[in-house]
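Reading the structure
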Amino acid sequence: MKFKIDKFVLSIIGTIIIAYFFPQWGAQESNVPIDTISVIGISLIFFFYGLKLNPTQLKAGLQNWKLHLLVQGATFIMFPILVLLFRPWIQNEEQETIWLAFFFLAALPSTVSSSVVMVSMAKGNVPAAIFNASISGIIGIVITPLWMGLFVVNTQTDFDFTDIYLKLIVQIIIPVILGLVLQRFLGELAHKYSSKLTVFDKSVIVLIIYKSFAESFNNNIFSVVSFLDLSAIFVGVLMLFVVAFTLTGFISRKLKLKKEDQITAQFCGTKKSLVHGTVFSKILFGNMAILGMILLPLMLFHAIQILIISVVAGRLAKSKVLDA
């Protein structure tokens, strides 16, 4: 039997290689407006989704309370408990810092944009994904500081999160609503060119992946610690993701959720927001010397989650097409 490598997987690998050799394009000071392109691309993805969205499916998705509880429970309860299990094995101050960095990662809310885009690509329950990814950020404002307050004494809570949620409304909610409004005029056209729109979705994901890895390489995030420590942190982050992803899938099947809901549960319940993480780190740790180490597992997790879920989403999308 002939083995065929998925083109999307190859594009992801190629993107990471490009990010390694040319990270300057994704740097903050770069003249290439990748952030702007990504923002426009994400907004267009949700506009096109609104054009194709069935209002009945939207209502049904928002009423799926089992799915919502699973996603939020996985994000804010399962993740922290998994990391708490390793606290008794801490033996020195360095291990304490690394553990705290992992716990900080575990206590963060889900990321919005990439979660919903991935769910859309994998043909999951997108309305439920939008709801869960959005509400996760709001819940995180309360839950994340509470979790971290158990282990970090010096906290501040005077940060304005208005900008984050303004971006959420502008980039996701408004485009979806606009798509719904224009559905009667452009909906048929969107369905006709659905396959081309899928290529557009994947292109935006590839751009996000490049930006994520380019920033890591450009900021020398991988040179903060020794190769041995970095390898251990990488394995720990990978194992945390795999265990959380597997457990979430197992629970969703036990709850007898539909396949679309299982996809949404796994994709939204196992993602962590780099944006919220960066903001919360400044609030909770200020200018402490350990800030770089605190963000390292999050940076690695951010890259890993996008890479793995992109591959999984691509395969699920392909299987859906074959089953159709």
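As the structure is a prediction and not an experimental result, all values here were calculated from the model.

Examining the overall build of the protein
When helices and strands are counted, the protein shows 14 helices and 0 strands. Its helices and strands taken in sequence order, the protein reads α-α-α-α-α-α-α-α-α-α-α-α-α-α from the N to the C terminus. Put simply, the protein has 324 residues, and 51% of those count as buried. The long-range fraction of contacts in the protein, counting pairs at least 24 apart against all pairs at least 6 apart in sequence, stands at 87%. Surface summary for the protein: the accessible area is close to 16600 Å², and the carbon and sulfur share equals 68%.

Considerations on the packing of aromatic side chains
Applying the stated criterion across every chain, the model contains 13 aromatic pairs. Ring geometry for Y20 versus F217: centroids 5.3 Å apart, planes at 90 degrees, classification edge-to-face. Placement of Y20 in helix α1 (residues 7-21) and of F217 in helix α10 (residues 194-218) is noted, with a sequence separation of 197 residues between them. In this structure Y20 comes out as exposed when scored by relative accessible area, which is 51%. Taking 5.1 Å as the distance between ring centres and 15 degrees as the angle between the ring planes, the aromatic pair formed by W99 and F103 counts as stacked. Of the two residues, W99 and F103 both sit in helix α5 (residues 93-107), 4 residues apart, roughly one turn of that helix. The two residues W99 and F103 agree in class, both being buried. The structure contains a cluster of three or more aromatic residues connected by ring pairs, namely F79, F241, F245, F267 and F301.

As for the pattern of salt bridges
By the definition in use, this model includes 2 salt bridges. One salt bridge in this structure joins E96 and R87, with 3.2 Å as the shortest N-O distance.

Looking at the environment of Q28
Its place among the elements puts Q28 in the loop between α1 and α2 (34-52). For Q28 and E215, which are 187 residues apart along the polypeptide, the C-alpha to C-alpha distance reads 8.0 Å. Sequence-distant contacts of Q28, defined by excluding residues within four places in its chain, comprise D35, K211 and E215.

Overview of the packing of α2 against α10
At a closest axis distance of 10 Å, the pairing of α2 and α10 adopts a crossing angle of 150 degrees. In terms of their interaxial angle, α2 and α10 are classed as roughly antiparallel. The crossing of α2 and α10 is left-handed. Residue-level contacts link I34, D35, I37, S38, G41, I42, L44, I45, F48 and K52 of α2 to S194, L197, F200, D201, V204, L207, I208, Y210 and K211 of α10. Among the residues forming the contact of α2 with α10, the class breakdown is 12 nonpolar, 3 polar and 4 charged.

Notes on helix α4 (residues 65-84)
Here α4 is 20 residues long and its end C-alpha atoms lie 27 Å apart, about the 28 Å a rise of 1.5 Å per residue gives. The sharpest bend along α4 comes to roughly 45 degrees, located at A74.

Let's talk about α10
End to end, α10 covers 36 Å across 25 residues, agreeing with the expected 36 Å (1.5 Å per residue, within 8%). Phi for N220, located one or two positions after α10, is positive at around 50 degrees.

Some remarks on the UniProt feature "transmembrane region" (unreviewed entry) in the protein
The residues that UniProt annotates with the feature "transmembrane region" (unreviewed entry) are residues 7-25, 37-55, 67-86, 98-122, 129-152, 164-181, 230-252 and 300-317. With 88% helix and 0% strand, residues 129-152 has its two end C-alpha atoms placed 31 Å apart. Helix and strand shares over residues 300-317 are 100% and 0% respectively, and the end C-alpha atoms of the span are 26 Å apart.

Some remarks on unusual backbone geometry
Phi angles above zero are rare outside glycine, and K123 is one such case at about 65 degrees. Note on placement: K123 falls in the loop between α6 (113-121) and α7 (126-149). Residue class for K123 comes out partly exposed when judged on its relative accessible area of 33%. Its identity as a non-glycine residue notwithstanding, K256 has a phi of 60 degrees, on the positive side. In this fold, K256 is placed in the loop between α11 (227-254) and α12 (259-269).

A word on the side chain of N132
Structurally, N132 is set in helix α7. By relative accessible area, which is 0% here, N132 ends up buried. Within the local environment of N132, its side chain forms a polar contact with the side chain of H68, the two groups lying 2.8 Å apart. Sequence-distant contacts of N132, that is, excluding residues within four places in its chain, are made with L67, H68, V71 and Q72.

Criteria and thresholds
Residues numbered from 1 in each chain as written. Predicted model: local features only at pLDDT ≥ 70, side-chain atom pairs only at ≥ 80, totals over all residues. Heavy atoms only, no water. Helix = DSSP H or I, 4+ residues; strand = E, 2+ residues; numbered from the N terminus. Buried < 20%, exposed > 50% of the residue type's maximum accessible area, 1.4 Å probe, protein only. Contact = heavy atoms within 4.5 Å. Areas by Shrake-Rupley, 256 points an atom, 1.4 Å probe, with all protein chains shown as cover. Phe/Tyr/Trp six-rings, centres within 6.5 Å; stacked < 30°, edge-to-face > 60°. Salt bridge = Lys/Arg side-chain N within 4 Å of Asp/Glu carboxyl O. Axes fitted to C-alpha atoms, helices over the stretch in contact; angles between N-to-C directions. Parallel < 35°, antiparallel > 145°, perpendicular 65-115°, else oblique. Left-handed = near helix turned anticlockwise from the far one by under 90°. Nonpolar A, V, L, I, M, F, W, Y, C, P; charged D, E, K, R; others polar. Expected span 1.5 Å × (residues − 1). Bend = angle between axes of the 7 residues up to and from the residue. UniProt positions renumbered as here; feature names shortened; annotations may be inferred. Polar contact = N/O pair within 3.5 Å; in protein donor to acceptor, adjacent residues only side chain to side chain.

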